Amino acid sequence: MLGLKLPTDPRWVNIVEKNIEEILTDHAYCEQKATSTAISLIVSFPEYTDLVQEMTKLVKEEISHFKMVHDKILERGFILGRDRKDEYVIQLLTFFPKGGSRTTQLVHRLLYAALIEARSCERFKLLSEELEDQELSKFYRDLMVSEANHYTMFLNFARQYGDRKEVDQKWQELLDYEAEIMKNLGTKETIHG
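Residues numbered from 1 in each chain as written. Predicted model: local features only at pLDDT ≥ 70, side-chain atom pairs only at ≥ 80, totals over all residues. Heavy atoms only, no water.

As a further point, take the overall build of the protein. Helix and strand counts for the protein come out as 7 helices and 0 strands. Overall, the protein shows an N-to-C arrangement of helices and strands of α-α-α-α-α-α-α. Computed over its C-alpha atoms, the radius of gyration of the protein comes to 16 Å, within 12% of the 16 Å expected for a compact globule of 193 residues. The buried share of the protein, taken over its 193 residues, is 48%. The long-range fraction of contacts in the protein, counting pairs at least 24 apart against all pairs at least 6 apart in sequence, stands at 82%. Total accessible area on the protein stands at roughly 9,700 Å², and carbon and sulfur atoms take up 54% of it. (Helix = DSSP H or I, 4+ residues; strand = E, 2+ residues; numbered from the N terminus. Rg over C-alpha atoms; globule rule 2.2 N^0.38 Å. Buried < 20%, exposed > 50% of the residue type's maximum accessible area, 1.4 Å probe, protein only. Contact = heavy atoms within 4.5 Å. Areas by Shrake-Rupley, 256 points an atom, 1.4 Å probe, with all protein chains shown as cover.)

This brings us to the state of the cysteines. According to the stated counting rule, one finds 0 disulfides in the structure shown. Of the cysteine sulfurs around C30, a residue in no disulfide, the closest is that of C121, at 14 Å. Since its relative accessible area comes to 3%, C121 is described here as buried. (Disulfide = S-S within 2.5 Å.)

What follows concerns the layout of surface pockets. It is the rolling of a water-molecule-sized probe over the atoms that shows where space remains empty. Within this model, the largest pocket holds a volume of roughly 680 Å³. Of all the secondary structure elements, the ones that give two or more residues to the lining of the largest pocket are helix 2 (20-44), helix 3 (49-75), helix 5 (102-130) and helix 6 (134-161). Per element, the largest residue contribution to the lining of the largest pocket is 10 residues, and it comes from helix 2. Across the lining of the largest pocket, the residue classes tally to 15 nonpolar, 9 polar and 8 charged. Computed from the structure, the second largest pocket encloses a volume of approximately 160 Å³. As for the second largest pocket, its lining consists of 13 residues, of which K85, E87, K188, T190 and G193 are closest to the centre. (1 Å grid on protein atoms, 1.4 Å probe; cavity = no way out; pocket = protein on both sides within 12 Å on 5 of 7 lines; lining within 4 Å. Points joined across faces, edges and corners; volume = space filled by probe spheres on them. Nonpolar A, V, L, I, M, F, W, Y, C, P; charged D, E, K, R; others polar.)

Dropping the structure here:
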């Protein structure tokens, strides 16, 4: 369904289980960054009315997810730690060259967002199936559904605004590139790392 070329090694969940506080903090910041991405798309591309409408809904949803994760952190007696660099996203963002037309820039941003949401969905699915903590397992199952919808929304917008054939080719190339990145990740208690 997600089209990812390299699935996460299920042993990643063992790393996560050893430090739930870290994964929750990282997850909270992922939700905050997703909120920021949606706001940025509104600010950068206000002329795309249907995109603005959907991003407005997404801002509300992602910030509510941030609150849900933050509440989980507090329920467990933790506090929200500091944000850290997301090596996955940093490496991913080097794929497309800078510049190009506004439409090209928009399509690239939408493809990045789609892929980040797809990987998050895949990780949430793994957590929902493999975590021994049943409360967190259910929590991630519920979020997984939402992430899948986000992935398809971003990909569909990229196809709507760009040339479909070109967008699909870029998407496949980006998926290949992401698989190479993932070969060196999956060893940390972070959503993407």
